[in-house]
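# An overview of the molecular structure
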Amino acid sequence: QVQLVESGGGSVQAGGSLRLSCEVSGDTYRRACMGWFRQYPEKEREGFAFIDGEDNAGYVESVKGRFTISMDVAKNTLYLQMNNLKPEATAMYYCAVYRLGRSCPTVDDVHWADFGFWGQGTQVTVSS
């Protein structure tokens, strides 16, 4: 089975930056769609950035221009560069693998239950 481990979270002031990492182990994942999700307390996980095996990326409107998803195949690591962070970004962040196909779903069709191999998450806290 595939295993994902998130890291890189922490506490920053509004306007600051963080780079999250998602280390991937196991096989049969290099051509998969992968995504970043965040979860607010008592809410469902919400996907906001996705990338397929050919480096096609998609984002929800609220993070466009500030967040960048990328995959380093040689290092087996998915990244999320977050710039100009806002307090509303405070949440637990997870990476996951899309289970229903090799192409990513459209942003409007994303649902957390269609992704799997969840890691433990990494906390991001943005203060004002």
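Going by the structure above, here's the rest.
So, here is what we can say about the structure in this document. (Residues numbered from 1 in each chain as written. Predicted model: local features only at pLDDT ≥ 70, side-chain atom pairs only at ≥ 80, totals over all residues. Heavy atoms only, no water.)

Our next topic: unusual backbone geometry. Positive phi values are uncommon outside glycine, yet Asn84 reaches one of about 50°. Checked against the element boundaries, Asn84 lands in the loop between β8 (77-82) and β9 (91-98). Given the relative accessible area of 38%, Asn84 is considered partly exposed. (Helix = DSSP H or I, 4+ residues; strand = E, 2+ residues; numbered from the N terminus. Buried < 20%, exposed > 50% of the residue type's maximum accessible area, 1.4 Å probe, protein only.)

So, on to the packing of aromatic side chains. With the rule as written, the count across this model stands at 8 aromatic pairs. Ring centres of Phe37 and Phe50 lie 5.9 Å apart, and the angle between their planes is 90°; this geometry places the pair in the edge-to-face category. Remark: Phe50 occurs in strand β5 (residues 46-51) and Phe37 occurs in strand β4 (residues 34-39); sequence separation between them is 13 residues. When sorted by exposure, Phe37 lands in the same class as Phe50, which is buried. Aromatic pair Tyr94 and Trp118: ring centres 6.2 Å apart, planes at 85°, arrangement edge-to-face. Of this pair, Tyr94 sits in strand β9 while Trp118 sits in the loop between β10 (115-116) and β11 (122-127), and the two are 24 residues apart along the sequence. An aromatic cluster of three or more residues is present, and its members are Phe37, Phe50, Tyr94, Tyr98, Phe115 and Trp118. The ring of Tyr79 carries Arg19 above its face, with NZ or CZ at 3.9 Å from the centroid. Over the ring of Phe48 we find Arg38; its NZ or CZ atom is 5.2 Å from the centre of that ring. (Phe/Tyr/Trp six-rings, centres within 6.5 Å; stacked < 30°, edge-to-face > 60°. Lys NZ or Arg CZ within 6 Å of the ring centre and 35° of its normal.)

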